[in-house]
Amino acid sequence: MSKKIFYRLTLILFPLFFLVSCMTTTTAAGNVGADRKQVMLVSEEEMNESANQAYAEVLAEAKKAGTLNTNQATLQRVQKIAKRLIAQTPVFREDALGWDWQVNVIKEDTINAWCMPGGKIVVYTGIIDSLNLTDGELAAVMGHEISHALKEHSRERASQSALQNLGVAATAALLGLKETGTQLLGIAAEYTLGLPFSRKHETEADHVGTELMARAGYDPYEAVNIWKKMEAVSGSSVPEILSTHPSHQSRINDLQVIAEKVYPLYQEAQKKGIAK
Ligand SMILES: [Zn+2]
């Protein structure tokens, strides 16, 4: 083999080995088969630290504005549902029970809810009030958001972007240009609250979230209702949550299939009296 070919092969194979070494599975499959391999370049610690910072900022701002946990009954309702969902997370990942989960409600008209990496949840009163959510529908929304955190979708997206930057940096280095640095601060907020999740991530969060709610004793068909309700209100103005969680035509059909699949888990949970 000539030196030139060897050099070119190394150029191709090294990044390939590097990528394979970065591949991981964030969760077990569950009944919905959610064990896709993901490329992770950014560390979980970096993501969580970034999330903790961003979360503290959001809470401090809400506190200053007098909008943080203003209604104890609503806060307790949301926290009770979160607790039931979180209790089911070991099905997908055993470490999640040890996370520092936090659940807060902000009084704001926006139709939104999110869960930052590491289990930092905010539900806005706007989504509860304007969609008149039942407990099951609220469980569907929170289950979906929790699933983004369990699957570490924000970290995966930050990694994809870091990979692109690496490509840019490598090209820049080859061309003798100045290297572009990656900015880690603020990535948790950017990839959880700012940029839209991909269709693949949305489907995955729907699947894992629907299984979580069924296991927690909530009728999984309520997950179908919530996105129907969301579409109904999006005629006048697009709900904030849809800007980061793009809905697609096949979503409701897919949710129906998944609801049917996990329905026996709901029946089992009911028999066990899990909802009591
Ligand atoms: Zn989503």
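The structure under discussion appears in the preceding block.
Each value, and the rule that gives it
- Residues numbered from 1 in each chain as written.
- Predicted model: local features only at pLDDT ≥ 70, side-chain atom pairs only at ≥ 80, totals over all residues.
- Pairing = 2+ DSSP bridges.
- Helix = DSSP H or I, 4+ residues; strand = E, 2+ residues; numbered from the N terminus.
- Axes fitted to C-alpha atoms, helices over the stretch in contact; angles between N-to-C directions.
- Contact = placed C-beta atoms within 7 Å.
- Expected span 1.5 Å × (residues − 1).
- Buried ≥ 20, exposed ≤ 12 C-beta atoms within 10 Å, placed from the backbone.
- Core = buried A, V, L, I, M, F, W, Y, C linked by C-beta atoms within 7 Å.
- Parallel < 35°, antiparallel > 145°, perpendicular 65-115°, else oblique.
- Left-handed = near helix turned anticlockwise from the far one by under 90°.
- Nonpolar A, V, L, I, M, F, W, Y, C, P; charged D, E, K, R; others polar.

**Some remarks on the sheet that holds strand β3 (residues 102-106)**
Argument step 1. Sheet architecture is open: 3 strands sit in the order β3-β5-β4, paired in mixed fashion. Strands with a single pairing partner mark the edges of an open sheet, and in this sheet they are β3 and β4 (113-116). Averaged over neighbouring strand pairs, the angle between their axes works out to 15 degrees when direction is ignored.
Argument step 2. In the sheet, β4 pairs with strand β5 (residues 120-124) via 4 bridges, with the strands oriented antiparallel. Bridge assignment links Trp114 to a residue of β5, and that residue is Val122.
Argument step 3. Sitting on the sheet, helix α3 (residues 72-86) touches β3 and β5, and the angle it makes with β3 is about 145 degrees.
Argument step 4. Packing against the sheet, helix α5 (residues 135-150) makes contact with β4 and β5, and its axis sits at approximately 25 degrees to β4.

**Brief notes about α5**
Argument step 1. Given a rise of 1.5 Å per residue, 16 residues ought to cover 22 Å, and the 21 Å separating the end C-alpha atoms of α5 matches this to within 8%.
Argument step 2. Among the 16 residues of α5, 15 are classified as buried, and the element is accordingly described as predominantly covered.
Argument step 3. Downstream of α5 by one or two residues, Glu152 has phi in the positive range, about 50 degrees.

**Some remarks on the nonpolar core**
Argument step 1. Counting residues in each nonpolar core, the largest one holds 60 residues, and the members touching the most others are Leu85, Ala113, Val123, Ile127, Ala139, Met142 and Met213.
Argument step 2. Setting aside chain neighbours within four positions, we find Met213 in contact with Leu85, Ala139, Ala140, Gly143, Tyr218, Pro220 and Ala223.

**Topic: the packing of α3 against α5**
Packed helices, taken two at a time, are described by the angle between their axes plus the distance between the axes.
Argument step 1. Between α3 and α5, whose axes approach to 10 Å, the crossing angle comes to 55 degrees. By the angle between their directions, the pair α3 and α5 is classed as oblique. Handedness of the α3/α5 crossing: right-handed. Across the interface between the two elements, Val78, Ile81, Ala82 and Leu85 of α3 pack against Asp135, Leu138, Ala139, Met142, Gly143 and Ile146 of α5.
Argument step 2. Partitioned by chemical class, the residues of the contact of α3 with α5 number 8 nonpolar, 1 polar and 1 charged.

**Considerations on the packing of helix α8 (residues 199-215) against helix α11 (residues 251-271)**
Argument step 1. Where α8 contacts α11, the axes come no closer than 8 Å and their chain directions differ by 25 degrees. Viewed along their axes, α8 and α11 adopt a mutual orientation that is roughly parallel. The hand of the α8/α11 crossing is right-handed. Where α8 approaches α11, its residues Thr203, Asp206, His207, Thr210, Glu211, Ala214 and Arg215 are matched on the opposing element by Arg251, Asp254, Leu255, Ile258, Ala259, Val262, Tyr263, Leu265, Tyr266 and Ala269.
Argument step 2. Here the residues of the contact of α8 with α11 sort into 9 nonpolar, 3 polar and 5 charged.

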